[in-house]
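Spelled out from the first residue to the last, the chains are:
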Amino acid sequence: MSASHTLFDAIGGEPAVRAIVEAFYPKVQEHELLSPLFPEDITPVMEKQFLFLTQFFGGPQLYSDQYGHPMMRARHMPFPIDKQRAEAWLDCMRRALQETDIPPELQAMLLERLSGPAHHFINTDQHEEA
Ligand code: HEM
């Protein structure tokens, strides 16, 4: 990561996070396991994810400034998330990252950082029929 202090700096800051989010949500919306969970108007979700990932990767605390403590597992409790959905989310993210200019070794670090939370958000054994 050379002289950069955070993963956020290393990937190129806000424009890079924006690019990740913009590549990610179309994949979520096309995914048969994930799309039923999300609202038709994905724009507000994209904005929140931009704020959250900025702070999660070590940038400014944009999400907390607007929404308070992230409590992300709790915020995901209304949605049935099983292992398959967690893996699907991570796979959409992996493919989204490949579409960005972020170097592969940093892509791997980002995925690694997201893998913990994704599995931590699992809250059911089986996904319910949508
Ligand atoms: C494990 C698989 C995951 C699934 C199935 C999932 C699904 C969802 C859904 C359905 C929403 C609500 C959309 C709405 O507003 O109606 C949401 C919100 C959100 N998710 Fe996830 N998510 C997953 C993992 C993650 C991970 C790993 C992160 C980041 C570490 C994350 C960050 C967020 C954020 C920031 C929001 C917006 C929270 C808010 O309302 O303020 N999600 N997610």
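Residues numbered from 1 in each chain as written. Predicted model: local features only at pLDDT ≥ 70, side-chain atom pairs only at ≥ 80, totals over all residues.

Under an unreviewed UniProt entry, the name given to the protein chain is Globin, and the source organism is Paenibacillus sambharensis. According to its UniProt record, the protein chain has this under Sequence similarities (unreviewed entry): "Belongs to the truncated hemoglobin family. Group II subfamily." (UniProt positions renumbered as here; feature names shortened; annotations may be inferred.)

Visitor: For this particular structure, what's the right way to read the UniProt feature "binding site: heme" (unreviewed entry) in the protein chain?
Guide: Taking the numbering used here, the UniProt-annotated feature "binding site: heme" (unreviewed entry) corresponds to His-119. Following the sequence through the fold, His-119 ends up in helix α7 (residues 104-120). Among the residues examined, His-119 registers 14 C-beta atoms within 10 Å and is labelled partly exposed. (Helix = DSSP H or I, 4+ residues; strand = E, 2+ residues; numbered from the N terminus. Buried ≥ 20, exposed ≤ 12 C-beta atoms within 10 Å, placed from the backbone.)

Visitor: Looking at this model, I keep getting lost on the site of the ligand. Mind explaining?
Guide: Around the ligand lies a shell of 22 residues, among which Leu-37, Lys-48, Phe-52, Ala-86 and Trp-89 are the nearest. Of all the secondary structure elements, the ones that give two or more residues to the shell around the ligand are α3 (43-56), α5 (72-76), α6 (83-98) and α7. Looking at the shell around the ligand element by element, the count peaks at five residues for α3. Its residues assigned to classes, the shell around the ligand shows 17 nonpolar, two polar and three charged. (Near = placed C-beta within 6 Å. Nonpolar A, V, L, I, M, F, W, Y, C, P; charged D, E, K, R; others polar.)

Visitor: What should I look at first to understand α6 in this one?
Guide: Taking 1.5 Å of rise per residue, the 16 residues of α6 would be expected to cover 22 Å, and the 23 Å separating its terminal C-alpha atoms lies within 8% of that figure. Among the residues of α6, Arg-85, Ala-88, Trp-89, Cys-92, Met-93, Ala-96 and Leu-97 are the ones counted as buried. (Expected span 1.5 Å × (residues − 1).)

Visitor: What is the right way to look at unusual backbone geometry in this model?
Guide: Backbone phi values are negative for most residues with the exception of glycine, while trans is the configuration of most peptide bonds. Phi is positive for Met-71, close to 40°, though the residue is something other than glycine. Positionally, Met-71 belongs in the loop between α4 (62-67) and α5.

Visitor: Help me understand helix α2 (residues 14-30), please; the structure alone is not making it clear to me.
Guide: Within an α-helix, residues lying three or four positions from one another point in the same direction, as the helix has 3.6 residues per turn. When the terminal C-alpha atoms of α2 are compared, their 25 Å separation across 17 residues agrees well with the 24 Å that a helix rising 1.5 Å per residue should span. What α2 keeps buried is the set Ala-16, Val-17, Ile-20, Val-21, Phe-24 and Val-28. Here the buried residues of α2 occupy an arc of 130° about the axis, which is enough to place them on one side. Opposite the packed face of α2, turned more than 90 degrees from it, sit the exposed residues Pro-15 and Glu-30. Packed against the buried residues of α2 are α1 (7-11), α3 and α6. (Arc of directions from axis to C-beta. Contact = placed C-beta atoms within 7 Å.)

Visitor: Looking at this structure, how should I read the environment of Leu-110?
Guide: Relative to the helices and strands, Leu-110 resides in helix α7. C-beta crowding within 10 Å serves as the criterion here: with 23 such atoms nearby, Leu-110 is assigned to the buried category. With 104 residues separating them along the chain, Leu-110 and Thr-6 place their C-alpha atoms 11 Å apart. With sequence-adjacent residues up to four places away left out, Leu-110 is seen in contact with Leu-7 and Leu-97.

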